[in-house]
Amino acid sequence: MNTTALLCENGGERLDVFLASHIPELSRSAAQKLIESGQVTLSGVAVRKNHRTVSGAQYVVLQDDPEDILALPQDIALDIVFEDDDVIVVNKPRGMVVHPAPGHPDGTLVNALLFHCGDSLSGIGGVKRPGIVHRIDKDTSGLILAAKNDKAHLSLAGQLSDRTLTRVYDAVVRGGLKDDSGTISAPIGRHRIDRKKMAVTDIQSRPAVTHYEVIARYPGYTHVQCRLETGRTHQIRVHLAHIGHPVLGDMVYGMKKPELGQSSQCLHARRLEFVHPSTGARVALCCDLPDYFMGVISKLEKIS
């Protein structure tokens with residue numbers, strides 16, 4: 001069974017809607033079946049069909065794991081930025097999938113973590129996502145955090161929920177932003193037609209807030225830093241596209257053709273800060289911009 005622990009930020013929502021919005025592969029009807037079969041619990045007790053979410057509560061969801069995407073250890077090199085007995089932070093390269101999924105059964109970050117850490121990973125994410133606290137897209141590079149035990153996982157998940165875990169991304173976007181800094185506050189939910197995409201919508205959506213700051217301006221493009229206040233699926237990409245400045249190379253939410261040689265989003269998770277689950281000390285980590293990103297900057301500087 002795959003066990004997923006979900007912390008609820010705001011109560012009062014239908015439980016099936018809450019589950020479907022937090023587990024990408026789960027539809028509302030599938031969520032309802034899990035609830036009816038007793039596979040969703042709160043404090044160890046199965047919740048009832050008409051349950052409304054409770055703010056601050058942690059729901060545990062049990063799902064059957066497809067056999068073809070069982071995560072197995074693989075000897076894949078990792079760029080480890082920080083590691084101790086509780087957590088590991090990796091600088092993920094662009095193109096690496098975080099966990100096994102249909103079409104990507106292996107070669108993922110989870111496969112690499114299982115080889116590197118052995119049995120020392122939190123079991124909260126289940127056999128498919130052991131230790132994974134948060135995710136970044138396949139074609140987004142940068143820092144990602146994993147927990148080595150359940151205590152650390154719950155602590156870090158709580159920081160995600162109360163927004164004390166800081167995540168800052170660098171991006172190159174199309175066009176020139178009017179202001180040097182600002183905040184995008186717009187709810188995000190599933191796209192009404194293409195269920196693989198997210199969109200700014202008031203239908204079955206959740207609050208989403210992104211803060212941005214301009215780093216440099218170039219003809220037709222802008223280098224920005226974005227700080228996530230919330231962590232919705234594809235949040236930065238959706239928000240920037242929503243204000244008319246999609247991420248360079250984003251073939252889903254931006255232009256449908258490559259730009260400046262980029263056929264995937266120019267987006268890098270550069271900074272990560274969290275409270276250490278054991279020591280209570282604030283841990284602040286940063287990584288350099290990768291070669292592909294610096295290549296884009298070099299091209300833009302030449303046309304300035």
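The model shown is predicted, which means the values in this text are computed figures rather than measured ones.

**Student:** Can you lay out the packing of aromatic side chains for me, pointing to particular residues and giving the numbers?
**Tutor:** As enumerated under the stated definition, the model contains two aromatic pairs in all. Sitting over the face of the ring of Y292, R94 holds its NZ or CZ atom 3.7 Å from the ring centroid.

**Student:** Go over the pairing of strand 1 (residues 2–7), please, and point to the residues and values.
**Tutor:** Here strand 1 shows a buried face lined by N2, T4 and L6 and an unburied face lined by T3, A5 and L7. Direction of pairing for strand 1 relative to strand 4 (residues 58–63): antiparallel, over a ladder of six bridges. Residue pairing across strands places L6 opposite Y59, the latter belonging to strand 4.

**Student:** Lay out the pairing of strand 6 (residues 87–92) with the relevant residues and their values.
**Tutor:** Taken across its six residues, strand 6 has six buried, putting it largely inside the fold. Judged by which residues are buried, strand 6 turns out to be covered on both faces: V87, V89 and N91 on one side and I88, V90 and K92 on the other are all buried. Here strand 5 (residues 80–83) pairs with strand 6 via three bridges, running antiparallel. Residue pairing for strand 6: E83 is matched across the bridge by I88. Taking the residues that link successive antiparallel strands as the turn, the strand 5-strand 6 hairpin has three residues. Direction of pairing for strand 6 relative to strand 7 (residues 141–147): antiparallel, over a ladder of six bridges. Bridging from a neighbouring strand, K92 pairs with G142 of strand 7.

**Student:** Let's hear about helix 2 (residues 28–36): which residues, and what values?
**Tutor:** Looking only at helix 2, the buried set comprises A31, L34 and I35. Seen along its axis, helix 2 keeps its buried residues to an arc of 100 degrees; they face one direction. Of the residues in helix 2, the exposed ones pointing more than 90 degrees away from the buried face are K33 and E36. Looking at the buried side of helix 2, the elements it contacts are helix 1 (15–22), strand 2 (40–42) and strand 4. Looking at the residues trailing helix 2, positive phi occurs at G38, about 80 degrees.

**Student:** Before we move on, could you go through the nonpolar core and cite the residues and values that matter?
**Tutor:** L113, V172 and C266 are the most contacted members of the largest nonpolar core, which totals 41 residues. Setting aside residues no more than four positions away along its own chain, V172 makes contact with Y221, T222, H223, V247, L248, C266, F293, V296, I297 and L300.

**Student:** Describe unusual backbone geometry, naming the residues involved and giving the relevant values.
**Tutor:** Look at R163: it is not a glycine, yet its phi comes out positive at around 65 degrees. When you line up the elements, R163 lands in the loop between helix 4 (150–162) and strand 8 (166–174). Take R163: its relative accessible area is 35%, and that puts it in the partly exposed class.

What counts and how
Residues numbered from 1 in each chain as written. Predicted model: local features only at pLDDT ≥ 70, side-chain atom pairs only at ≥ 80, totals over all residues. Heavy atoms only, no water. Phe/Tyr/Trp six-rings, centres within 6.5 Å; stacked < 30°, edge-to-face > 60°. Lys NZ or Arg CZ within 6 Å of the ring centre and 35° of its normal. Buried < 20%, exposed > 50% of the residue type's maximum accessible area, 1.4 Å probe, protein only. Helix = DSSP H or I, 4+ residues; strand = E, 2+ residues; numbered from the N terminus. Pairing = 2+ DSSP bridges. Arc of directions from axis to C-beta. Contact = heavy atoms within 4.5 Å. Core = buried A, V, L, I, M, F, W, Y, C linked by side-chain atoms within 4.5 Å.

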